[in-house]
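# Structural characterization, general
So you can see what is in the structure, the chains are spelled out below.
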Amino acid sequence: MSTTTTSTANRITVATTWLDGCSGCHMSFLDMDERLVDLAQQIDIVYSPLVDTKELPEQVDIGILEGSISSEDDLEKAKAFRKHCTLLISLGDCAVTGNVPAIRNHFKLSDVLDRAYRENVDLQPQIPTKSVPVLLTTVKPIHSEVEVDVFVPGCPPSADAIWYVLSELIAGRKPDPSQVTRFGA
Amino acid sequence: MPLPVPQPNIRVVTLKIDDQDLSAREDETIIEVCREHKIPVPSLCYLDGLSVWGGCRLCVVEIAGQGRLSAACSTRVAEGMHVHTNTERLQRYRRTIIEMLFAERNHVCSVCVSNGHCELQALGQSCGVDHVRVPYRQTPYPVDSSHESFRLDHNRCILCTRCVRVCDEIEGAHTWDVMGRGSDCLVITDLALPWGESETCTSCGKCVQVCPTGALVKQGTSVGEMVKDQHFLPILARRRHAR
Ligand code: SF4
Ligand code: SF4
Ligand code: SF4
Ligand code: FES
C-alpha cells in the first residue's frame, strides 16, 4: 500500500502482526475488498505480515495485534507494539480473550508438548528446543500483559467490523465495537 | 381454558420508570412492568413462568430515595415509586457482573454449541462487554455426557438455577439441585449421580430449553447449532397456576 502515488505526509501509519492466532483476523482484514483501496488513501501500512518491511518503525499511529500471548516471542512483540504504537488494538477473540489457544491452559504444559511432539509422532519424537520460541505456562489475552486501547472481539471479526473500527479512528472518533461485533462473532 | 378472572381486591398503583408515567397492579414486580412496556432490563436468572430467584443481580435498578440498588425481578412496584433502569452506575455494575461470569468458568464462544444463540453472549454485547478486565480463573470444570439425549458442561454454567426451577416447578421431577459453595458450586442431578443414571429424570428436555447458555445442550450438536425454544414455558406455567 505504500506504493500508491498519493502524498504519504498526512496518512495514518498502521502496523500489524500476529501472535498466537490462525491469521484469520488478517484474512478478514483483506476481506474488506475494494474498501482497501479507499483505506490505502488514508493509511500507510508500515509493518505487517502483509508487507515486506522487516522492522517496526520507531513511532506508529495505530498498532493492530491478532492472537493471544502464548510464547516469549509473543510477549516481546506485544511489548514492542505497545512501546512504538500510539494506539493499540486487540483484533479478534484470541487477542481479546485467549480464545482457542487458551484452551491448553487446562493441561500441564509438559503434557501439551508431549502430545504434540511425542505421542503423535512416529519418526524421532523430540521436543524442539532450538529456533522456536519458548512457550509460556499460561496463554493470556494481550491486555493482561500490556495496555490495550480498543478491543475488537470476533473469531474473526467481520470485514465490516474492522472497516467500522478503522473508519471511526481515521475520523478521529473512538469506536464502540460492541455495536458491530461480539465474542464468537 | 377460561380466562383468569382478575382478583377484585388487587389495587392499581402509579409509578414512574425512567421518564414514563405508568400504572401497574400492586402485585407486579418492576421487571414485569418493564417487560410489558418494552423497557429493556437485562436479566439472566429471571424467566417468565418460573419462580423468582434473584441471584444474578443483572436486573438491578435504582429507586429514587433509596441508597441501595434493588433487583427488578424481586421487587414489587409501589405507589409513587420512581425507578431508573439504565444509569451509568447500573451500566457499570452490569458490565462487571458479566465480566466476572466470563472470568469465573470457561467460555470459548467461537467453538461453543450455543454460539449465536446464547443469552450471556448477547447480554455481553448489549452491555458493551468487549473484553474482560478481571483475570480469567483458568480452572477446568467437568462435563457430564452420560445422559443419552443431553449434555451438561459445567464450564458454561452461570448457576442461574433455571434448570432446577423448571424441573421442580413445571415438570415436577426435581432432578436438579445445587451443591457446594462459591466457585465449587455445581448443579447436580439426583444426589450428584451422573445424569444418565438419574431415576427421577423423565428426559423431557425442559431444563435444556431454559438454560440461558451452552451449559445444557442436546447431544450431537456442533458449534452454534444449539438453538433453544422457551415458548412452552409461560403456557405451561399459566395452565399449572389455573388448576
Ligand atoms: S455459553 Fe455462551 S458465553 Fe459461554 S462460550 Fe457458549 S456462547 Fe459463549
Ligand atoms: S430432562 Fe426434564 S426431568 Fe430431566 S432433568 Fe431436565 S427438566 Fe428434569
Ligand atoms: S445448567 Fe444452565 S440453567 Fe442450570 S444453572 Fe447452569 S446455566 Fe443455569
Ligand atoms: S434477573 Fe433479577 S437477579 Fe437475576
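These numbers come from a predicted model, not from an experiment.

### Some remarks on the interface of chain B and chain A
Taken together, the 20 residues of chain B in the interface contact 24 residues of chain A. Buried surface at the junction of chain B and chain A, summed over both partners, amounts to about 1,700 Å²; 60% is from carbon and sulfur atoms. Taken as a group, Gln125, Asp130 and Gln138 of chain B account for 35% of the area that chain B buries against chain A, more than any other trio of residues on that side. Taken together, chain B and chain A are joined by zero salt bridges. Counting every contact that joins chain B to chain A gives nine residue pairs in polar contact (both at pLDDT 80 or more). A per-class count over the side of chain B that touches chain A returns eight nonpolar, 11 polar and one charged.

### Details of the site of ligand 1
As a matter of local geometry, ligand 1 sits amid 13 residues, with His107, Cys109, Cys112, Cys118 and Gly214 of chain B nearest to it. When atom positions are compared with the pocket grids, ligand 1 is found to occupy the largest cavity.

### Details of the environment of Gly92 of chain A
All names here are of chain A. One can find Gly92 in the loop between β5 (85-91) and α4 (93-97). Gly92 gets classed as buried once you look at its relative accessible area, which sits at 0%. Put simply, Gly92 and Arg182 are 90 residues apart on the chain and 9.4 Å apart in space, counted from C-alpha to C-alpha. The residues contacting Gly92, other than those within four sequence positions of it, are Cys25, Val152, Pro153, Gly154 and Pro157.

### Re empty space enclosed by the protein
All names here are of chain B. On inspection of all chains with the given rule, the structure shows five cavities of 30 Å³ or more. For the largest cavity, the lining is made up of 13 residues, of which His107, Cys109, Cys112, Cys118 and Arg156 are closest to its centre. Its residues placed into classes, the lining of the largest cavity shows six nonpolar, six polar and one charged.

### Remarks on the side chain of Ser70 of chain A
Residues and elements named next belong to chain A. Position of Ser70 relative to the elements: it lies in strand β4 (residues 69-71). Residue Ser70 is classed as buried on the basis of its relative accessible area of 2%. Within the structure, Ser70 has its side chain in polar contact with the side chain of Asp20 (distance 2.5 Å). Not counting the four nearest positions on each side in its chain, Ser70 is found in contact with Asp20, Pro101, Arg104, Leu135, Leu136 and Val139.

### Looking at the pairing of strand β3 (residues 60-63) of chain B
Residues and elements named next belong to chain B. With burial as the criterion, each face of β3 is covered, one bearing Val60 and Glu62 and the other bearing Val61 and Ile63. Here two bridges tie β3 to strand β4 (residues 70-71), and the two strands are oriented antiparallel to one another. Along β4, the bridge assignment pairs Val61 with Ser70. In this structure, the hairpin formed by β3 and β4 is closed by a connection of six residues, where Gly65 is found at a positive phi of approximately 90°. As paired elements, β3 and strand β5 (residues 82-84) share two bridges and run antiparallel to each other. Note on β5: the bridge partner recorded for Ile63 is Val83.

### Here's the deal with the packing of helix α2 (residues 35-42) of chain A against helix α6 (residues 159-170) of chain A
All names here are of chain A. Relative orientation of the contacting elements α2 and α6 amounts to 20°, with a least axis distance of 12 Å. The angle between α2 and α6 places the two elements in the roughly parallel class. For the element pair α2 and α6, the recorded crossing hand is left-handed. Along its contact with α2, which presents Arg35, Asp38, Leu39 and Gln42, the element α6 presents Ala159, Asp160, Trp163, Leu166 and Ile170. By residue class, the composition of the contact of α2 with α6 is five nonpolar, one polar and three charged.

### What about the domain arrangement of chain B?
Residues and elements named next belong to chain B. Per the domain assignment, the segments of chain B are domain 1 (12-85) and domain 2 (91-234). The centre of domain 1, based on its C-alpha atoms, is set 25 Å off from the matching centre of domain 2. Each partner contributes to the interface: domain 1 provides 21 residues, whereas domain 2 provides 23 residues. Summing both partners gives a buried area of about 1,600 Å² for domain 1 against domain 2, and 65% of it is carried by carbon and sulfur. When the residues that make up the side of domain 1 that touches domain 2 are grouped by side-chain class, the tally is 15 nonpolar, four polar and two charged.

Basis of the calculations
- Residues numbered from 1 in each chain as written.
- Chains lettered and ligands numbered in written order.
- Predicted model: local features only at pLDDT ≥ 70, side-chain atom pairs only at ≥ 80, totals over all residues.
- Heavy atoms only, no water.
- Contact = heavy atoms within 4.5 Å.
- Buried area = accessible area lost by both parts, 1.4 Å probe.
- Salt bridge = Lys/Arg side-chain N within 4 Å of Asp/Glu carboxyl O.
- Polar contact = N/O pair within 3.5 Å; in protein donor to acceptor, adjacent residues only side chain to side chain.
- Nonpolar A, V, L, I, M, F, W, Y, C, P; charged D, E, K, R; others polar.
- Near = heavy atom within 4 Å.
- 1 Å grid on protein atoms, 1.4 Å probe; cavity = no way out; pocket = protein on both sides within 12 Å on 5 of 7 lines; lining within 4 Å.
- Sits in = over half its atoms within 2 Å of the grid points.
- Helix = DSSP H or I, 4+ residues; strand = E, 2+ residues; numbered from the N terminus.
- Buried < 20%, exposed > 50% of the residue type's maximum accessible area, 1.4 Å probe, protein only.
- Points joined across faces, edges and corners; volume = space filled by probe spheres on them.
- Pairing = 2+ DSSP bridges.
- Axes fitted to C-alpha atoms, helices over the stretch in contact; angles between N-to-C directions.
- Parallel < 35°, antiparallel > 145°, perpendicular 65-115°, else oblique.
- Left-handed = near helix turned anticlockwise from the far one by under 90°.
- Domains from an automatic or database assignment.

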